[in-house]
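Given next are the chains, with one letter for each unit.
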Amino acid sequence: MSVTEPNAEHAGPAPTPHVSERGRVWAALRRNKPALAGLFILAVLVVAGALGPLLAPYGINEVDADHLFQGPSRDHPFGTDDAGRDVFSRVLVAARVSLLVGLVSVGIALLVGVTIGLVAGYYRGVVDNVLMRCMDVLFAFPVLLLAVAIVAVLGRGLVTAMVAIGVVYTPIFARVTRASVLSVREQVFVTAAVSTGASDWRIMRRHVLPNIAAPLIVQTSLSLAFAILSEAALSFLGLGIQPPQPSWGRMLYDGRGYVQDAWWMGLFPGLAIFLVVLAFNIVGDALRDVLDPRQLTKDEARRTA
Amino acid sequence: MSEPVLALEGLTVTFGSARGTARVVDGVDWAVHPGQTLAVVGESGSGKSMTVLSATGLAPRGAKVTGTVRLLGEELTAMSDADRRRARGRHIGFVYQDPMTSLNPVMTVGRQVSEACEEHLGMSKQEGRKRAVELLGLVGIPSPEERVDNYPHQFSGGMRQRVVIAMALANEPEVLIADEATTALDVTTQAQILELVAGLQERLGTAVVWITHDLGVVAGIADRVVVMYGGRIIEQGKVDDLFADPAHPYTQALLAARPQPGVRADRLLTIAGTPPLPTELPPGCAFWPRCPVRGDARCEHEEPPLVEVAPGHEVRSFYRADPAVTEERSA
């Protein structure tokens, strides 16, 4: 019966049906097949990072002099290296280091960069100029060169690698944050918060920061990819994770001399880097599309069409 | 009469720019008393919003504010920034023009309403939430217990403006400042909001400063009216006096420009020209270039003083200030 049917034309300014932001994002990601694949790879990475040593069939430094340079087989799916160590186990365990370096270094960049960008964008004027020019100086260095310089000063190792990569990516977060803050702080609701006598800190935390979450989420996802890549590069140069601790970059370096005879030594760690970086990129791009405010209107148009 | 809640004396706002000093607000005096509604009217750029923003310490960067502002007898202009911020949050509520942008889209309306209570009254989250439910009910939002956890996009424009009013009333302010608060709403909603504010004012005894360019709104709610032009007050008085007997040519022209219900007019009356730029104010009366009367030789070169033409009714015009002309017209 038409009586029971809700009639959109006569509904007037009815409140928009409740679709939670999280639900909308998830639905849009599910429609995006590559993003789904990316999420799957990232899930595998997280599992490997968390449980790697338990899942690995061999110890990472279990040397087996009788089985050097073995090709992929049932026993050694990724083959063995120049010391007879199982490449599969090493790739699996190295996932934790890559993930750790990625998360910690991006965490540092996020914390410092967002704080700087927030303060610069909110107060503008002199504060903004001083902070952002400092960021420009950092930004002007080639990424890897700066990281190498920092490692050279602080000494090589896991922690240094994390700090170095964190410092390198800080200006990017500062810039993204500042740009978003500049537009959000002109919104009437920020003026409204000022007029209610809210403190600057409260306004930044409660009103500005939540409204710039979307670009920051996207930037975080993309930066994780580059941070993992940077870690691999540093380790490849011998400035990151120190042997015998396995890392993808270092394994790639070790396999470099045997490309002709034992291609599996370099291929699998390289593939791991490639897949993880690709996955973070795809997911980051998908998030950017989904979280873009213009996408909202497209979604709404589709719903009402 | 009781002490005014908010009183401005000689408030002047200037901006220094490359093209000289811009005098955006010039020597504005007015006061609003408890339970009263003061309407500040004027065209865009007449300085009406700037007056209120500067008076409460919300002037944009680079503005130079002089004059005295008293809030509940205390001199707001002499306070430190932090004290002024507290006084503002505690005693003044603001309602803005566009309810679509004056709410934070990622915060529940309940949190936004209770925020001021938590900041200034030291309420806990639970108390704040209870207060938010109470306030949302007060401003006529149905089933406030459920709506308190909704986000702004789940409300219609009129309902959002009610939320904004609830936010403004959170600390039971003595003054409510509504800056074009009904301009962005359709006429029916506008009437509802006006009725709501009038009702709340009666119950809470709040003073209201209503900044608007809509004379219909003024006639409906105001006790007193201040008409601004070129950053100055050009006429002020009780709403009935001003509507019955507008003294300034500008006010007369404004009232004449209103469409009359039931009267068919093919062309609406307008006032020729545009308001002067604050950097290029004419030497005499600011309205002189557009004035249809120009009733006195001094108009062009001399700034007319604000003089009383009837008890409580002041006007800044040579033409009307001249008693002979006044008598002649009223005879």
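Residues numbered from 1 in each chain as written. Chains lettered and ligands numbered in written order. Predicted model: local features only at pLDDT ≥ 70, side-chain atom pairs only at ≥ 80, totals over all residues.

Re the overall build of chain A
Phase 1: Looking only at helices and strands, chain A features 12 helices and 0 strands.
Phase 2: Counting helices and strands in the order they occur from the N terminus, chain A gives α-α-α-α-α-α-α-α-α-α-α-α.
Phase 3: Within chain A, the proportion of its 305 residues that are buried is 41%.
Phase 4: Across chain A, the fraction of contacts at a sequence separation of at least 24, relative to all contacts at a separation of at least 6, is 69%. (Helix = DSSP H or I, 4+ residues; strand = E, 2+ residues; numbered from the N terminus. Buried ≥ 20, exposed ≤ 12 C-beta atoms within 10 Å, placed from the backbone. Contact = placed C-beta atoms within 7 Å.)

Overview of the overall build of chain B
Phase 1: Looking only at helices and strands, one finds 12 helices and 12 strands in chain B.
Phase 2: For chain B, the C-alpha radius of gyration of 21 Å lies close to 20 Å, the compact-globule estimate for 331 residues.
Phase 3: The principal-axis extents of the C-alpha atoms in chain B amount to approximately 65 × 50 × 40 Å.
Phase 4: Burial status across chain B gives 46% buried among its 331 residues.
Phase 5: Counting only contacts in chain B whose residues sit at least 6 apart along the sequence, the fraction spanning at least 24 positions is 62%. (Rg over C-alpha atoms; globule rule 2.2 N^0.38 Å.)

Concerning the sheet that holds strand β3 (residues 37-41) of chain B
All names here are of chain B.
Phase 1: In space, the 8 strands of this open sheet follow the order β6-β7-β8-β3-β9-β10-β12-β11, with mixed pairing throughout. Each edge of the open sheet is held by one strand with a lone partner, namely β6 (92-95) and β11 (307-310). Averaged over all adjacent pairs, the angle separating strand axes in this sheet is 20°, with direction ignored.
Phase 2: Where strand β10 (residues 232-238) and strand β12 (residues 313-315) come together, 2 bridges link them in antiparallel fashion. (Pairing = 2+ DSSP bridges. Axes fitted to C-alpha atoms, helices over the stretch in contact; angles between N-to-C directions.)

A word on the nonpolar core
Phase 1: Formed by 168 residues in total, the largest nonpolar core has its most connected members in Ile228 of chain A together with Ala166 and Val209 of chain B.
Phase 2: Broken down by element, the residue count for this core peaks at 19 residues, all from helix α3 (residues 87-123) of chain A.
Phase 3: Setting aside residues up to four positions removed in sequence, Ala166 of chain B forms contacts with Val113, Leu135, Leu136, Leu138 and Val139 of chain B. (Core = buried A, V, L, I, M, F, W, Y, C linked by C-beta atoms within 7 Å.)

Considerations on the interface of chain A and chain B
Phase 1: With 18 residues of chain A in contact, the opposing surface of chain B contributes 26 residues.
Phase 2: Secondary-structure elements contributing two or more residues to the side of chain A that touches chain B are α7 (188-195) and α8 (200-208) of chain A.
Phase 3: The element best represented in the side of chain A that touches chain B is α7 of chain A, accounting for 5 residues.
Phase 4: Looking at side-chain class alone, the side of chain A that touches chain B contains 8 nonpolar, 8 polar and 2 charged residues. (Nonpolar A, V, L, I, M, F, W, Y, C, P; charged D, E, K, R; others polar.)

Observations concerning the sheet that holds strand β1 (residues 6-17) of chain B
All names here are of chain B.
Phase 1: Read from one edge of the open sheet, 4 strands run β2-β1-β4-β5, paired in antiparallel fashion. Both outer strands of the open sheet, β2 (20-32) and β5 (74-75), are each paired with one neighbouring strand and no more.
Phase 2: Set on the sheet, helix α1 (residues 48-55) makes contact with β1, β2 and β4 (63-71); between it and β1 the angle comes to about 105°.

Remarks on the confidence of the model for chain A
Residue and element names in this part refer to chain A.
Phase 1: Looking at chain A as a whole, the pLDDT averages 82, with 89% of positions reaching at least 70.
Phase 2: Averaged pLDDT values over the elements of chain A bottom out at 53 in helix α12 (residues 293-304) and peak at 92 in helix α4 (residues 125-140).
Phase 3: Scored below 50 in pLDDT, residues 1-18 shows 9 contacts in the model against residues more than four places distant or in partner chains. (pLDDT = per-residue confidence, 0-100.)

Structural notes on unusual backbone geometry
Residue and element names in this part refer to chain B.
Phase 1: Within the chain, Leu72 stands out as a residue other than glycine whose phi angle is a positive 55°.
Phase 2: You can see Leu72 is positioned in the loop between β4 and β5.
Phase 3: Exposure remark for Leu72: the 16 C-beta atoms within 10 Å place this residue in the partly exposed category.
Phase 4: Of note in this structure, Ser143 is not a glycine but carries a positive phi near 40°.

Digging into helix α5 (residues 143-154) of chain A
All names here are of chain A.
Phase 1: Look at α5: 17 Å from first C-alpha to last across 12 residues, which is about the 16 Å you get at 1.5 Å a residue.
Phase 2: Where α5 is concerned, the buried positions are Ala147, Ile150 and Val151. Along the axis of α5, the buried positions cluster into a sector of 100°, meaning they face one direction only. With respect to the buried face of α5, the exposed residues turned more than 90 degrees away are Leu145, Ala152 and Val153.
Phase 3: One or two residues past the end of α5 sits Gly155, with phi positive at roughly 90°. (Expected span 1.5 Å × (residues − 1). Arc of directions from axis to C-beta.)

What about the confidence of the model for chain B?
Phase 1: Of all residues in chain B, 96% attain a pLDDT of 70 or more, and the chain-wide mean is 85.
Phase 2: In the predicted structure, residues 323-331 of chain B sits below a pLDDT of 50 and forms 5 contacts with residues beyond four places in sequence or in another chain.

Details of the environment of Ala132 of chain B
All names here are of chain B.
Phase 1: You can see Ala132 is positioned in helix α4 (residues 125-138).
Phase 2: Spatially, the C-alpha atom of Ala132 lies 9.1 Å from that of Glu115, the residues being 17 residues apart in sequence.
Phase 3: Ala132 has contacts with Gly110, Val113, Ser114 and Val148, leaving out every residue within four places of it along the chain.

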